[in-house]
Amino acid sequence: MPKVVFINPDQTHLELDIPVGTSLMRAAIANGIAGIVGDCGGGLTCATCHVLVDEEFLAKTSPMTHNEDQMLDFTAMGRQPNSRLSCQLVMQDELEGLTVRIADHQV
Ligand code: FES
């Protein structure tokens, strides 16, 4: 399983092995990562699963949909150039070693 590194707002790190096909949001919640809320369960209506993707991996992530792009304008922490919603980041082998920083706040 590809490994993902989550960096918490307090700079602590957590590594998770995430099955291919599982979203980062679901994996984070299943593993008790408190900084990811995911209120809508991945329905793209809450923007509480905001992460910042390491620049090195941006081109490897799936393209952003129009709906995700719109929802990123409603994140609690201001949108950054490398912002994504983690419910839309589905694990794939090419993302081995992906590093994401969890937004400072989600609500
Ligand atoms: Fe709601 Fe990602 S979990 S937008």
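Refer to the structure printed above.
Residues numbered from 1 in each chain as written. Predicted model: local features only at pLDDT ≥ 70, side-chain atom pairs only at ≥ 80, totals over all residues. Heavy atoms only, no water.

## Brief notes about the overall build of the protein
In plain terms, the rule: Put simply, DSSP marks the helices as runs of H or I at least four residues long and the strands as runs of E at least two long, and each gets a number from the N terminus on. In this description the radius of gyration comes from C-alpha coordinates, and the expected globular size is given by 2.2 Å times residues to the power 0.38. Partly exposed describes any residue whose relative accessible area lies between the buried limit of under 20% and the exposed limit of over 50%, with all areas from a 1.4 Å probe on protein chains only and scaled to the type maximum. Should any heavy atoms of two residues lie within 4.5 Å, those residues are counted as being in contact. Computed by Shrake-Rupley with a 1.4 Å probe, the accessible areas treat only the displayed protein chains as cover when residues are assessed. Under the counting rule used here, the positive set is Lys and Arg, the negative set is Asp and Glu, and His together with the chain ends is not counted. By convention, the charge on Lys lies at NZ, on Arg at CZ, on Asp at CG and on Glu at CD.
A count of helices and strands for the protein gives 2 helices and 5 strands. Counting from the amino terminus, the protein carries its helices and strands in the arrangement β-β-α-β-α-β-β. In terms of overall size, the protein behaves like a compact globule, its C-alpha atoms giving a radius of gyration of 12 Å where 107 residues would be expected to give roughly 13 Å. Expressed as lengths along the three principal axes of its C-alpha atoms, the size of the protein is roughly 30 × 30 × 25 Å. Scored against the burial criterion, the 107 residues of the protein give a buried share of 45%. Taking the contacts inside the protein whose residues are at least 6 apart along the sequence as the reference set, 64% of them involve residues at least 24 apart. Entry remark: accessible area of the protein is about 5,400 Å², with carbon and sulfur atoms responsible for 51%. Put simply, the protein has 6 plus and 14 minus side-chain charges, and the middle of one group is 2 Å from the middle of the other.

## Details of unusual backbone geometry
Here Gln11, not a glycine, exhibits a phi torsion of approximately 75 degrees, which is positive. Summarising the element assignment, Gln11 is placed in the loop between strand E1 (3-7) and strand E2 (13-17). Assessed through its relative accessible area of 51%, Gln11 is described here as exposed. Even without a glycine there, the phi angle at Leu44 is positive, about 60 degrees. The residue Leu44 is located in the loop between helix H1 (24-30) and strand E3 (50-53) in this model. What makes Leu44 buried here is its relative accessible area of 16%.

## Observations concerning the pairing of strand E5 (residues 98-102)
To keep things clear, this is the line we draw: Strands were regarded as paired on the criterion that DSSP finds at least two bridges between them.
For E5, the tally of buried residues reaches 4 of 5 residues, placing the bulk of the element in the interior. As paired elements, E1 and E5 share 4 bridges and run parallel to each other. Considered in E5, the bridge of Val5 is made with Thr99. In the sheet, E3 pairs with E5 via 3 bridges, with the strands oriented antiparallel. The partner of Val53 across the bridge, within E5, is Val100.

## Quick look at the sheet that holds E3
We count it as follows: Fitted lines through C-alpha atoms give the axes, limited to the stretch in contact for helices. The angle between two N-to-C directions lies from 0 to 180 degrees.
Taken in spatial order, the 5 strands make up an open sheet running E2-E1-E5-E3-E4, and their pairing is mixed. On the outer flanks of this sheet lie E2 and strand E4 (83-85), each paired with one strand and no other. Each neighbouring strand pair of the sheet contributes to a mean axis angle of 35 degrees, computed without reference to strand direction.

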